Every structure is written in C-alpha cells, then in structure tokens.
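The lines below spell out each chain.
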Amino acid sequence: MPLFNQEVLMSSARYFSNEQQINPYYHDEPVDLDKALFEHDHLRVTMELAGIAVRQVAAPSDSQDGVYTANWALIRGRTAVLARLPAARKAEEDWAERQLRAFDLDVQRVPEGWRFSGQGDALPAGKYLFAGQGYRSDPEAQRFAADTLGYELVQLQTVPQLDETGAPVINQESGWPDSFYYDLDLSMAIIKIPTEGQNGLIAYCPEAFTAESVTKLLDLSDDFDFIVVSEQEARGAFACNLVSTGETVIMSAHAPHLKSDLHAHGLKTLTPHIEELAKGGGFIRCQTLTFND
C-alpha cells in the first residue's frame, strides 16, 4: 500500500485567536490559549505516532490564523505555490515564503489579484489535483497551481452559505462569499491515492457540493472508490478535515460513522481531541502543510 502525507509542516498556536471572524465557524466565545497550545502539541505527537515526520516553524505574531499552515502554499517536490490569503491573514504570505525558502524550496507566487488558499483548497491525489473555487480560491489560481506543479486539475464547487432570504452570504471581514465548506478540505478528503491496479479512496460529503461537482467526482470511479460522509459529520464534526497516510487516518473524535467506514476499508484511525482550535474554522488537516512528492 503506497503511503503519502509522510512529512508535514506545523507552526504554533501561540498567537491563535478568533477576533476577526473570517468564516462562518467563528463565534464570540473567547479562546482558551493554553488549551489551544495543548491541542496543537497533542496533534503533533499524534502525527508522529502515525509515522509522519513533522517539521516545525514559529507562527507569525501578527496573524490570528498562523496555526493553519495548510493555507500557506501547495507543495510538490521542490516547488511551492504560495497562497494569496484574505486581508486578516495577509501577513502570513511573506512569513510563509521565508519559512519555505529556508527548506530550499522554489517558491512561486500566484499572479496578483487571484485568491488562492493553498493546500486547504487543493488536494493532491496521485496525478490529480482536486480544487475548490469561489470562496478562498479562484479557478485561474487553481489552474496556475496545477500547471506549475504538473497536476491534472479537477475543478469543483461547494455550496454557498445562504442567509434567511436564500441569498449568498458575504463575509463582513473578508468581503468574499462565504460557505461552511469555504475550503475544499472541509468537504472531502483523500484517504488513499490510486496506484496501478488499485483504486484510490476519497471520503466526501455529497450535500457540500453542487450536483455538477458530484458528477465530476463520480466520473472518476475508474480511479477512486468513495466513502459518503454525512453533512452532520462533515459540518458538525469537521470529519473530512483529516490527514491520511494511506494506512492510518488522523481524524475527528466526533465522526463515528466515518470512523467505522474507514475501519471497514482496513484503515487505522487516531482521534486527537480538538476543540479550541476548531473555533477558527480549522481542524486537523488545516494545521498541517504536506510536502508532496
């Protein structure tokens, strides 16, 4: 069984807060920073227990979301395509570039004016790059990343957050359209990558996607098998925001149905407790930036 996600970059929860509410998961309850720091360290230990090498860097002091390294870039081989983030996270861009260059990576910037949420909105799976659009990333930026890194792009669209009149919600902090699935890693996860003679495995929440995007996914059934994740577990328990090595899945402790399905596929699961860090609308996958081959 081919393993992946074998090396990740994690920062720190030292400056984490939820003051600037840039996605629909934020609320006014204050963050317990000591708990956030404990959760982040526990997640690092859990990653290492799964056989994942963790590279650690400091978090930027001038960004509340610097703990979510997945949004810093998308990496393949020795090349990193740097993110273009909302205003509340803009300071992370230059910070991330310095950290990545310190690892001798060739850092490429998405052209000015295009949004790009890094690995949070772009999930590699073998030759494919599954990408989200419309909230934190533009399709032009996803195409740029796929072409730069040599992936075959599968462009997807999740459903918007709607107000009481049925109109799309515009986030007051970012000025961008909002969604409970604003990054793709909140609606789907790569569990196994496809190999010659063996399908990959994807967990996804059908209710999170437009009908056209569900069709696009299922059209890849020659290369992938699928696990259906309920909206309750995807949105209520961050079930899809996980890290899989292809053998062990580090996932939400509150998604029993997905956990059972993963065990049925012969996978091991580890379920670290994440509560404080979820107050920023991020979870397990968000806190790790993968070095992809």
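Only a predicted model underlies this, so the values are computations on that prediction, with no experimental measurement involved.

K.L.:
Sorry if this is basic, but what is going on with the nonpolar core here?
P.N.:
Taken as a class, soluble globular proteins show a tendency for nonpolar side chains to be buried jointly. Grouped together as the largest cluster of nonpolar side chains are 64 residues, with contacts concentrated most on Met47, Phe130, Met188, Ile190, Ile191, Phe209 and Leu258. Core analysis: the second largest hydrophobic core is formed by 14 residues, Leu9, Ile75, Ala80 and Leu105 among them.

K.L.:
Just to check I follow, could you spell out helix 2 (residues 91-102) for this structure?
P.N.:
Owing to its 3.6 residues per turn, the α-helix aligns residues three or four sequence positions apart on the same side. Its 12 residues give helix 2 an end-to-end C-alpha distance of 18 Å, which sits within 8% of 16 Å, the value for a rise of 1.5 Å per residue. Among all positions in helix 2, only Glu92, Glu93, Ala96, Glu97, Gln99 and Leu100 are buried. If you follow the buried residues of helix 2, they end up packed against strand 1 (7-10), strand 3 (73-76), strand 4 (79-82), strand 5 (106-109) and strand 15 (289-290). Remark: Asp104 follows helix 2 within two positions and exhibits a positive phi of approximately 65°.

K.L.:
I would appreciate a short explanation of the sheet that holds strand 2 (residues 53-56) in the present structure.
P.N.:
Think of a sheet as strands paired side by side through backbone hydrogen bonds, with each pair either parallel or antiparallel. Reading across the sheet, the 3 strands line up as 2-1-15 and stay open at both edges, with mixed pairing between neighbours. Strands with a single pairing partner mark the edges of an open sheet, and in this sheet they are strand 2 and strand 15. As paired elements, strand 1 and strand 15 share 2 bridges and run antiparallel to each other. Among the inter-strand pairings, Val8 is bridged to a residue of strand 15, identified as Thr290.

K.L.:
Please clarify how the pairing of strand 10 (residues 200-204) should be interpreted in this entry.
P.N.:
On any regular strand, side chains alternate: one points to one face of the sheet, the next to the other face. Of all 5 residues in strand 10, 5 are buried; the element is thus mostly enclosed. Neither face of strand 10 is open: one carries Gly200, Ile202 and Tyr204, the other Leu201 and Ala203, and all of them are buried. Two elements, strand 9 (residues 188-192) and strand 10, share 4 bridges in a ladder whose sense is antiparallel. Paired with Lys192 across the bridge in strand 10 is Leu201. Relative to strand 11 (residues 224-228), strand 10 runs parallel, the two sharing 5 bridges. Directly across from Tyr204, in strand 11, lies its bridge partner Val228. In this fold, strand 10 hands off to helix 4 (residues 211-218), which returns the chain to strand 11; that crossover is right-handed.

K.L.:
Honestly, the side chain of Asn71 in this entry has me stumped. Any pointers?
P.N.:
Along the chain, Asn71 turns up in the loop between strand 2 and strand 3. Apart from the residues lying within four places of it in its own chain, the contact partners of Asn71 are Ala83, Leu85, Arg89, Ser117, Gly118, Gly120 and Asp183.

K.L.:
Got a minute to help me understand the side chain of Thr245 in this structure?
P.N.:
Examined against the element boundaries, Thr245 turns out to sit in the loop between strand 12 (243-244) and strand 13 (248-250). Apart from residues no more than four positions distant in its own chain, Thr245 is found in contact with Pro2, Leu3, Phe4, Asn5, Gln6, Ala50 and Ile52.

K.L.:
Explanation requested: the pattern of salt bridges in the structure shown.
P.N.:
Side-chain pairing between opposite charges can occur once the charged atoms of the two side chains come close. Going through the model one piece at a time under the given rule, you end up with 15 salt bridges. Here Asp94 makes a salt bridge to Arg109, at a shortest N to O gap of 2.7 Å. Here Asp94, found in helix 2, pairs with Arg109, found in strand 5; they are 15 residues apart in sequence, far enough to count as distant. When its relative accessible area of 44% is taken as the criterion, Asp94 is described as partly exposed. By relative accessible area, which is 30% here, Arg109 ends up partly exposed. A salt bridge links Arg115 to Asp138, with the shortest nitrogen-to-oxygen separation between them at 2.7 Å. Here Arg115 is found in the loop between strand 5 and strand 6 (122-125), whereas its partner Asp138 is found in the loop between strand 7 (128-131) and helix 3 (139-149), with 23 residues between them in sequence. Taken individually, Arg115 and Asp138 each receive the classification buried, so the pair is uniform in this respect. Each of Lys90, Glu93, Asp94, Glu97, Arg101 and Arg109 takes part in salt bridges that share partners, so that together they form one network.

K.L.:
Honestly, the sheet that holds strand 11 in this entry has me stumped. Any pointers?
P.N.:
Overall, mixed pairing links the 3 strands, which are arranged 9-10-11 in an open sheet. Whereas interior strands pair on both sides, the edge strands pair on one side only; in this sheet they are strand 9 and strand 11. On average, adjacent strands in this sheet sit at an angle of 25° to one another, irrespective of strand direction. Together, strand 9, strand 10 and strand 11 form the strand contacts of helix 4, whose direction differs from that of strand 10 by roughly 160°.

K.L.:
Can you help me understand the packing of aromatic side chains in this one?
P.N.:
To describe a pair of aromatic rings, you give the distance between the ring centres and the angle between the ring planes. The full count for this structure, using the stated rule, is 10 aromatic pairs. Ring centres of Tyr128 and Phe130 lie 6.0 Å apart, and the angle between their planes is 40°; on these two criteria the pair is classed as tilted. Considering the side-chain rings of Phe130 and Phe224, the 5.5 Å spacing of their centres and the 75° angle between planes classify their relative orientation as edge-to-face. Note that Phe130 is positioned in strand 7 and Phe224 in strand 11, a separation of 94 residues in sequence. For Phe130, a relative accessible area of 0% translates into the label buried. The structure contains a cluster of three or more aromatic residues connected by ring pairs, namely Tyr25, Phe180, Phe238 and Phe283. The ring of Tyr151 has Arg76 sitting right over it, with the charged end atom 4.0 Å from the ring centre. Sitting over the face of the ring of Trp176, Arg115 holds its NZ or CZ atom 5.2 Å from the ring centroid.

Cut-off values and rules
- Residues numbered from 1 in each chain as written.
- Predicted model: local features only at pLDDT ≥ 70, side-chain atom pairs only at ≥ 80, totals over all residues.
- Heavy atoms only, no water.
- Core = buried A, V, L, I, M, F, W, Y, C linked by side-chain atoms within 4.5 Å.
- Buried < 20%, exposed > 50% of the residue type's maximum accessible area, 1.4 Å probe, protein only.
- Helix = DSSP H or I, 4+ residues; strand = E, 2+ residues; numbered from the N terminus.
- Expected span 1.5 Å × (residues − 1).
- Contact = heavy atoms within 4.5 Å.
- Pairing = 2+ DSSP bridges.
- Right-handed = clockwise from strand over helix to strand, strands pointing away.
- Salt bridge = Lys/Arg side-chain N within 4 Å of Asp/Glu carboxyl O.
- Axes fitted to C-alpha atoms, helices over the stretch in contact; angles between N-to-C directions.
- Phe/Tyr/Trp six-rings, centres within 6.5 Å; stacked < 30°, edge-to-face > 60°.
- Lys NZ or Arg CZ within 6 Å of the ring centre and 35° of its normal.

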